[in-house]
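Summary of structural features
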Amino acid sequence: MERHEIETFLTLAEELHFRRTSERLGLAQGRVSQTIKKLERRIGVPLFERTSRHVALTEVGRQLRDDLLPAHRQIQRAVARAVSAGRGITGVLIVGYSSPMAAELILRAADTFHLQYPDCEVRIREVQLFDPFGPVRGGEVDLQLTERPHDEPDLTAGPVLFAERRVLIVPRGHPLAAHASVSVEDLARTTLVTLCGDMPHYWLDFHYPRRTPAGAPITQGPAATYWPEVLALVGAGKGVSPSCARAERYYARPDVVWVPFRDAPPVEYGLLWPAGGDTARVRAFVETLCAAADEPRAAPPGA
């Protein structure tokens, strides 16, 4: 059997649909049908039972699939390892993340990446918001997916992979808790729970502004070091805090309400890595991450 015959047969055995098989392989549907018919003539028996509505493997087809699949996968792994070694995509790649949404995307991309580059291990590490650029700057992570803005001369800002609608977290008894939405100007009537740490002023000003767009001052309240402290302070009635809408899936609490902004810019999540640190491993994983970010995202249970 030739390689294209094996790939066509195994793909159709998985899809059990000629159109989907042709789309996956980038072939005309007639070419797929001709390849299967030629293979069946050579073997001497049908490999598929097919009608206008149904495609199924015959007993001989199932046996051929079971015999071919392990060898085909072994060949794919061998080729992938050769490509990895040739491109220098081996060893360990440490990827930082600052939110559960970023971690989910990285882990999904890592599964795909491992199939393409089996000799390169992807590890993840949480990066705390009180030191958003320290680990990547210090070489503790090779690549990072975190909240923008990024404007550091020694770090390369990569593409934005996704954006989240901005919301305001308020105590359940707060006057704004009953609103369908809030304006950035409403922050002038609140006390803002903020973060403290080694983050640049432009980053703090974007996420925790001191004035509204119209120039009204925003009262700065207690500052937390870790994100769970922000939620605890808001829940205790010490102030309000901006966040992104999808974070509610992970941090919902009975004492806080998540109210969407109607006029605030979204929270963008982008990549960054050390200037001069765009190794073959980093470039390959950035490509995989971008592809994973373009895939449709599954809706949360109950959505």
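Now for a description of the structure that goes with this document. Throughout, residues of each chain are indexed from 1 in the direction in which the sequence is written. Residue-level local features of this predicted model are given only where pLDDT is at least 70; pairs of side-chain atoms are given and counted only at 80 or more, and the full residue set underlies all totals for whole chains, interfaces and linings. The basis for every side-chain value is the complete set of heavy atoms in the structure, and neither hydrogens nor water enter the calculation.

So, on to the sheet that holds strand E11 (residues 256-260). The antiparallel open sheet is built from three strands, whose spatial order is E10-E7-E11. Edge positions in the sheet fall to strand E10 (241-244) and E11, since each of these pairs with one other strand and no more. This sheet shows a mean twist of 40° between the axes of neighbouring strands, independent of strand direction. Strand pairing is assigned whenever DSSP detects at least two bridges linking the two strands. Labels follow the DSSP assignment, with helices taken as runs of H or I lasting at least four residues and strands as runs of E lasting at least two, numbered in each case from the N terminus. Both strand E7 (residues 166-171) and E10 contribute to a ladder of four bridges, which runs antiparallel. Across the sheet, Arg166 pairs through a bridge with Cys244, a residue of E10. Throughout, an axis means a line fitted to C-alpha atoms (over the contacting stretch in the case of helices), and angles, computed between N-to-C directions, take values from 0 to 180 degrees.

It is worth spelling out the side chain of Thr194 at this point. Here Thr194 is to be found in strand E8 (residues 191-195). Between two residues, a contact is recorded if the distance between any of their heavy atoms is within 4.5 Å. Discounting chain neighbours no more than four positions away, the residues touching Thr194 are Tyr208, Gln220, Gly221, Pro222, Ala223, Ala224 and Val230.

By volume, the second largest pocket amounts to about 400 Å³. The wall of the second largest pocket is formed by 26 residues, among which Ser98, Leu129, Glu147, Trp227 and Tyr269 lie closest to the centre. Secondary-structure elements contributing two or more residues to the lining of the second largest pocket are helix H5 (100-116), helix H7 (201-207), helix H8 (227-235), E10 and strand E12 (267-274). Considering every element that reaches the lining of the second largest pocket, the biggest residue donor is E10, with three residues. Cavities and pockets were defined on a 1 Å grid built from protein atoms only: a cavity is a group of points that admits a 1.4 Å probe but offers it no way out, a pocket is an open group of points flanked by protein on both sides within 12 Å along at least five of seven lines, and a lining residue is one with an atom within 4 Å of any such point. Grid points are joined across faces, edges and corners, and a volume is the space filled by probe spheres set on the points.

Turning our attention to the state of the cysteines. Working definition: the covalent bond between the sulfur atoms of two cysteines is a disulfide. By convention in this document, the label disulfide applies to cysteine sulfur atom pairs within 2.5 Å. Going through the model one piece at a time under the given rule, you end up with zero disulfides. The thiol sulfur of Cys120 is not disulfide-bonded, and the nearest other cysteine sulfur, from Cys290, lies at 16 Å. We classify Cys120 as buried; its relative accessible area is 2%. Type-normalised accessible area, obtained with a 1.4 Å probe on protein chains alone, sets the label of each residue: buried when under 20%, exposed when over 50%, and partly exposed for intermediate values.

Here the expected length of a helix is defined as 1.5 Å per residue gap, with one fewer gap than residues. Between its terminal C-alpha atoms H5 stretches 25 Å, which fits the 24 Å expected from 17 residues at 1.5 Å a residue. Every buried residue belonging to H5 is among Met101, Ala102, Ala103, Leu105, Ile106, Ala109, Ala110 and Phe113, and all of these are buried.

With that settled, consider the pattern of salt bridges. Note that side chains of opposite charge can pair when their charged atoms are close. Within this document, salt bridges are pairs made up of a side-chain nitrogen of Lys or Arg and a carboxyl oxygen of Asp or Glu, the two lying within 4 Å of each other. All told, the structure shown has 15 salt bridges when counted by the stated rule. Arg189 is paired through a salt bridge with Asp186; the nearest N and O atoms lie 3.0 Å apart.

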